[in-house]
Amino acid sequence: MGGPWEKGKYRAGVHLFASRLIVDLAREDMREMRANGELGWEKDTVEDLPDLGDVAFLRFRPPTPGTSITAQVTFRRSNLVVSLAYTRSDDDRQAARAGAIDAARDTLARLRP
């Protein structure tokens with residue numbers, strides 16, 4: 001499988017943060033994160049991802065030209081909210097997007113039903 005586990009000239013890393021809440025709070029957290037954004041993340045790159053969990057979106061951290069790029073996928077499954085940041089050692093946005101989505105799908109598949 002490609003994505004976050006690729007080896008070669010460009011390296012990638014994955015950071016995962018999960019929080020378990022009651023379902024109503026998890027829904028509200030997702031709405032707030034989606035609408036308000038978080039400090040340090042681009043607001044104009046938010047993209048909904050309808051095929052991940054109950055609700056999901058992707059966004060990017062603004063890169064410095066010629067340096068690493070980070071894409072973050074945040075998704076909710078029932079009462080669990082997961083934020084997954086995927087960082088590449090280059091500035092390839094499409095590869096970072098694909099890697100973040102692959103890692104989020106892999107994470108979602110490993111969660112108990």
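The structure contained in this document is the topic of the report that follows. The structure displayed is predicted, hence computed values, not measured ones. (Residues numbered from 1 in each chain as written. Predicted model: local features only at pLDDT ≥ 70, side-chain atom pairs only at ≥ 80, totals over all residues. Heavy atoms only, no water.)

**What to know about helix α1 (residues 23-36)**
For an α-helix the count is 3.6 residues per turn, leaving residues at separations of three or four pointing the same way. For α1, which comprises 14 residues, the first-to-last C-alpha distance of 20 Å matches the rise-based estimate of 20 Å (1.5 Å per residue) to within 8%. Close packing links the buried residues of α1 with β3 (55-61), β4 (69-77) and β5 (80-88). Backbone geometry just downstream of α1 places G37 in the positive-phi region, at approximately 70°. (Helix = DSSP H or I, 4+ residues; strand = E, 2+ residues; numbered from the N terminus. Expected span 1.5 Å × (residues − 1). Contact = heavy atoms within 4.5 Å.)

**Some points on helix α2 (residues 93-110)**
Helix length check: α2, at 18 residues, gives a terminal C-alpha distance of 26 Å against a target of 26 Å (1.5 Å per residue), a fit within 8%. Turning to α2, its buried residues are A96, G99, A100, I101, A103, A104, D106, T107 and L108. Buried residues along α2 sit against β1 (12-20), β3, β4 and β5. (Buried < 20%, exposed > 50% of the residue type's maximum accessible area, 1.4 Å probe, protein only.)

**Regarding the nonpolar core**
Formed by 17 residues in total, the largest nonpolar core has its most connected members in L49, L52, L58, V73 and F75. Ranked by residue count, the leading element in this core is α2, at 5 residues. Of all hydrophobic cores here, the second largest spans 5 residues; its members include M30, M33, F57 and V81. (Core = buried A, V, L, I, M, F, W, Y, C linked by side-chain atoms within 4.5 Å.)

**Focus on the pairing of β3**
Within β3, 5 of the 7 residues are buried, which leaves it mostly tucked inside the rest of the structure. Here strand β2 (residues 47-48) runs beside β3; their pairing, made up of 2 bridges, is antiparallel. Residue pairing in the sheet places D48 in a bridge with F57 of β3. Counted along the chain from β2 to the antiparallel partner β3, the turn is 6 residues long, and its residue G53 has a positive phi close to 60°. As paired elements, β3 and β4 share 7 bridges and run antiparallel to each other. Note that in β4 the partner of R61 across the bridge is T70. (Pairing = 2+ DSSP bridges.)

Just distances and angles here, no functional claims.
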